[in-house]
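# Observations on the three-dimensional arrangement
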Amino acid sequence: MIRLPAGYRLVFYDTVGSTSEAARELARGGAVGSVVWALQQTAGRGRRGRTWLSPPGNLYVSFVLQPDISAARAAQLGFVAALAVGDTLAGVIAAGPPPAFKWPNDVMVGDCKIAGILVEAEAGEDGSLSTLVVGIGINLASAPAASATPATSVAALGRPAPTPDIMLEALAAHFDIWLRRWRSAGFAPVRSAWRSRAYALGRPIRVRLDPAELRGRFRDIDAEGGLLLETADGVRHISAGDVFPALR
Ligand code: BTN
């Protein structure tokens, strides 16, 4: 039996198209607190319309949250989820480089991505959010061979891969802790924890905006979670994009 924090309810699938799609349907029916978990996905999706390959052995889960926040604040949930993933993985990959956070929502070990996060919200006619779903994929047993950012998994790091159910329990507990902290104290403690383990902070990076690409130094994230890039033309504020090390 999976133990979840109080207020959460498990919705389990052996196979589903996308846990985030299933969660969105539940969210439309008001099922806040649902935790949709599947052993595999046939139409897993990533950020910016990408596919998230989802064979058995990895963790695929989506949380249905109360949509009582602005769209701008909803984006901060990607950082909240990244911290929860980082804390969960830290207990599993004790030795070696600790998990780091690549802006906006990736979790890295070294230069390889080990987990991805997708925050999706829908808004009603008055602009207020009507659904809010945070989807998380963590590579436990395997990682895709071909992707723009090299990928890894717990197993590929030479650690025994925990089963998805064990990982889900730990992740849900950490997510609940960070979510409560964010709701009570705002983005400041989240920002501070995220910055302390930020990938490439202070280093030269490329930011792909599709189709444009900017180069500069990753100066910081701002008080809302936007990326501040120091370019030859001054500091640019970026709210969406993909970060790569400058030299790749
Ligand atoms: C990314 O890095 O592009 C985000 C990947 C998010 C993948 C997870 S797996 C569980 C949930 N269901 C989906 O279809 N996507 C998210």
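What this report covers is the structure whose coordinates are included nearby. (Residues numbered from 1 in each chain as written. Predicted model: local features only at pLDDT ≥ 70, side-chain atom pairs only at ≥ 80, totals over all residues. Heavy atoms only, no water.)

## Some points on the site of the ligand
Put simply, the rule reads: Residue proximity to a molecule or strand is established when one non-hydrogen atom of the residue lies within 4 Å of it. Whenever a nitrogen or oxygen atom comes within 3.5 Å of another N or O atom, the pair is scored as a polar contact, on the condition that within protein one atom can donate a hydrogen and the other can accept it, and that pairs from neighbouring residues in sequence are kept only if both atoms are in side chains. Areas reported here follow the Shrake-Rupley algorithm with a probe of radius 1.4 Å; residue values treat only the protein chains shown as occluding. Here a strand is any run of E in DSSP of at least two residues, a helix any run of H or I of at least four, and the numbering for each starts at the N terminus.
Around the ligand, the surrounding shell holds 20 residues, and the nearest of these are S18, Q41, R45, R47 and K113. In this structure, S18 approaches the ligand through a side-chain N or O atom, which is 2.7 Å from an oxygen atom. The separation between an oxygen atom of the ligand and a polar main-chain atom of R47 is 2.7 Å. Considered on its own, the ligand offers 420 Å² of accessible surface; in the complex 99% of this is hidden by protein. Elements represented by at least two residues in the shell around the ligand include exactly α1 (19–28), β3 (59–64), β6 (112–123) and β7 (129–138).

## Some thoughts on unusual backbone geometry
Here W103 and P104 are connected by a cis peptide whose omega angle stands at 0°. Position of P104 among the secondary structure elements: in the loop between β4 (100–102) and β5 (106–109). The amide bond that connects D210 to the next residue, P211, takes the cis arrangement and shows omega of 5°. By the element assignment, P211 lies in the loop between β8 (204–208) and β9 (213–221). Of note in this structure, R48 is not a glycine but carries a positive phi near 55°. As for its placement among the helices and strands, R48 is situated in the loop between β2 (34–41) and β3. Residue placement: D210 occurs in the loop between β8 and β9.

## Brief notes about the packing of aromatic side chains
Filter applied, for reference: Stacked, tilted and edge-to-face are the three classes assigned to paired rings of Phe, Tyr and Trp, where Trp is represented by its six-membered ring and a pair needs centres within 6.5 Å; plane angles under 30 degrees give stacked, over 60 edge-to-face, the rest tilted. Note on exposure labels: buried denotes an accessible area under 20% of the residue type's maximum, exposed denotes more than 50%, and partly exposed covers the range between, all computed with a 1.4 Å probe on protein chains only.
Across all of its chains, the model carries 6 aromatic pairs by this definition. With a centroid separation of 4.5 Å and an interplanar angle of 40°, the aromatic rings of F63 and F175 are classed as tilted. Of this pair, F63 sits in strand β3 while F175 is found in helix α4 (residues 164–185), placing the two residues 112 residues apart along the sequence. On the basis of relative accessibility, which here comes to 0%, the residue F63 falls in the buried class.

## What to know about the sheet that holds β5
Filter applied, for reference: If DSSP finds at least two bridges between two strands, the strands pair. Note on geometry: axes are C-alpha line fits, over the in-contact stretch for helices, and angles between N-to-C directions span 0 to 180 degrees.
Here we have 7 strands laid out as an open sheet, ordered β1-β2-β3-β7-β6-β5-β4, and mixed in their pairing. Among the strands making up the open sheet, the edge pair consists of β1 (9–16) and β4. Adjacent strand axes in the sheet meet at a mean angle of 20°, parallel and antiparallel pairs treated alike. Of the strand pairs in this sheet, β3 and β7 are connected by 6 bridges, and their pairing is antiparallel. By the bridge assignment for β7, V61 is matched with I136.

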